[in-house]
Amino acid sequence: MTENPADITTPTSEPTATPEPTARQRLGYVLGKTLPTELHPWVVGDTTGPGATRRYATRCLIPLIPILAGLLLIPGPWIIRTGMVLLLFLPFVYFLLALKNIYLRHRLVSHGLDPRLLNVHKQRRLDQEQTSYESRYRSALNQQDPRCTPDPGVHPVHYQTD
């Protein structure tokens, strides 16, 4: 039996406010330090909650701005300066987004949290879509003709036709 990642966090009967880190703790968190155990719910919300991708991208792009601004100050034609900035910026953003899940998973593991928490929201959405699809189309299919349901012993492409 597999463990449901949604059950990994401590369940509470009434909603409680999750403690937020202080400005110093938050700066350390942004720079890669781990937060104390009492702030783990905040870490889960930061890495998996709404806006997690936006926060991740913002935290990674802000240090790049001075470098790109410095490249724009190099003497030469604007097309060369713009080209230098784009040659750094575009691959940086591409790899930033491509490696997002790896970095966020590392962030969870470094805090001692289960990395499967990263996929909880996605799995919940997929489960909702699947139940919606099944309630809409499978029930209609079964009501039309019971012979149209696939036989478990037959290859899924072939249907039993009596």
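Before going into details, it helps to say that this report is about the structure given with it. All of these numbers come straight from a predicted model, not from anything done at the bench.

### Observations regarding the packing of aromatic side chains
So, point 1. One pass over the structure, following the stated rule, counts four aromatic pairs.
So, point 2. Aromatic side chains Tyr94 and Phe95 sit 5.1 Å apart centroid to centroid with 80° between the ring planes, which places their arrangement in the edge-to-face category.
So, point 3. Directly above the ring of Trp78 sits Arg81, whose terminal nitrogen or CZ lies 4.1 Å from the centroid.
So, point 4. Here Arg107 stacks its cationic end above the ring of Tyr29, 4.1 Å away from the centre of that ring.

### A closer look at helix α2 (residues 40–48)
Along an α-helix, residues three or four apart share an orientation, since each turn contains 3.6 residues.
So, point 1. In terms of burial, α2 is largely enclosed, as seven of its nine residues are buried.
So, point 2. Listed as buried for α2 are His40, Trp42, Val43, Val44, Asp46, Thr47 and Thr48.

### Description of the packing of α2 against helix α6 (residues 100–110)
So, point 1. Between α2 and α6, the shortest axis-to-axis distance is 10 Å and the interhelical angle comes to 175°. In terms of their interaxial angle, α2 and α6 are classed as roughly antiparallel. Of the residues in α6, those touching α2 at Val44, Thr47 and Thr48 are Leu104, Arg107 and Leu108.

### Side note on α6
So, point 1. Within the sequence span of α6, burial applies to Lys100, Leu104, Arg107 and Leu108. Projected onto a plane normal to the axis of α6, the buried residues spread over an arc of 95° and lie on a single side.
So, point 2. Those residues of α6 that are buried lie in contact with α1 (23–30), α2, α3 (52–61) and α5 (78–98).
So, point 3. Where α6 ends, the next residue or the one after it, Gly112, has phi of about 80°, a positive value.

### What about the nonpolar core?
So, point 1. By size, the foremost hydrophobic cluster in this structure holds 15 residues, and its most contacted members are Leu35, Val43, Leu108, Leu113 and Leu117.
So, point 2. Elements that contribute at least two residues to this core include exactly α2, α3 and α6.

### So, the side chain of Lys100
So, point 1. The topology assignment puts Lys100 in helix α6.
So, point 2. Asp46 provides the closest opposite charge to the buried, salt-bridge-free Lys100, at an N-O distance of 12 Å.

### Comments concerning the pattern of salt bridges
Proximity of charged atoms lets side chains of opposite charge pair with each other.
So, point 1. Following the criterion strictly, the structure yields five salt bridges and no others.
So, point 2. With its nearest N and O atoms 2.9 Å apart, the salt bridge here joins Asp46 to Arg55.
So, point 3. Members of the salt-bridge network, linked through shared partners, are Asp46, Arg55 and Arg59.

### So, the environment of Thr34
So, point 1. If you trace the backbone, Thr34 turns up in the loop between α1 and α2.
So, point 2. Accessibility expressed as a relative area gives 46% for Thr34, which makes it partly exposed.
So, point 3. The spatial distance from the C-alpha of Thr34 to the C-alpha of Ser110 is 6.8 Å, given a sequence separation of 76 residues.
So, point 4. Once you skip the residues sitting within four places of it in the chain, Thr34 turns out to touch Ser110 and His111.

### Regarding the layout of surface pockets
So, point 1. Estimates place the volume of the second largest pocket at around 230 Å³.
So, point 2. In terms of lining residues, the second largest pocket is bounded by Thr47, Thr48, Ala52, Thr53, Lys100, Asn101, Leu104, Leu118, Asn119, His121, Lys122 and Arg125.
So, point 3. Elements that contribute at least two residues to the lining of the second largest pocket include exactly α2, α3, α6 and α7 (120–144).

Criteria and cut-off values
- Residues numbered from 1 in each chain as written.
- Predicted model: local features only at pLDDT ≥ 70, side-chain atom pairs only at ≥ 80, totals over all residues.
- Heavy atoms only, no water.
- Phe/Tyr/Trp six-rings, centres within 6.5 Å; stacked < 30°, edge-to-face > 60°.
- Lys NZ or Arg CZ within 6 Å of the ring centre and 35° of its normal.
- Buried < 20%, exposed > 50% of the residue type's maximum accessible area, 1.4 Å probe, protein only.
- Helix = DSSP H or I, 4+ residues; strand = E, 2+ residues; numbered from the N terminus.
- Axes fitted to C-alpha atoms, helices over the stretch in contact; angles between N-to-C directions.
- Parallel < 35°, antiparallel > 145°, perpendicular 65-115°, else oblique.
- Contact = heavy atoms within 4.5 Å.
- Arc of directions from axis to C-beta.
- Core = buried A, V, L, I, M, F, W, Y, C linked by side-chain atoms within 4.5 Å.
- Lys, Arg positive; Asp, Glu negative; His and termini not counted.
- Salt bridge = Lys/Arg side-chain N within 4 Å of Asp/Glu carboxyl O.
- 1 Å grid on protein atoms, 1.4 Å probe; cavity = no way out; pocket = protein on both sides within 12 Å on 5 of 7 lines; lining within 4 Å.
- Points joined across faces, edges and corners; volume = space filled by probe spheres on them.

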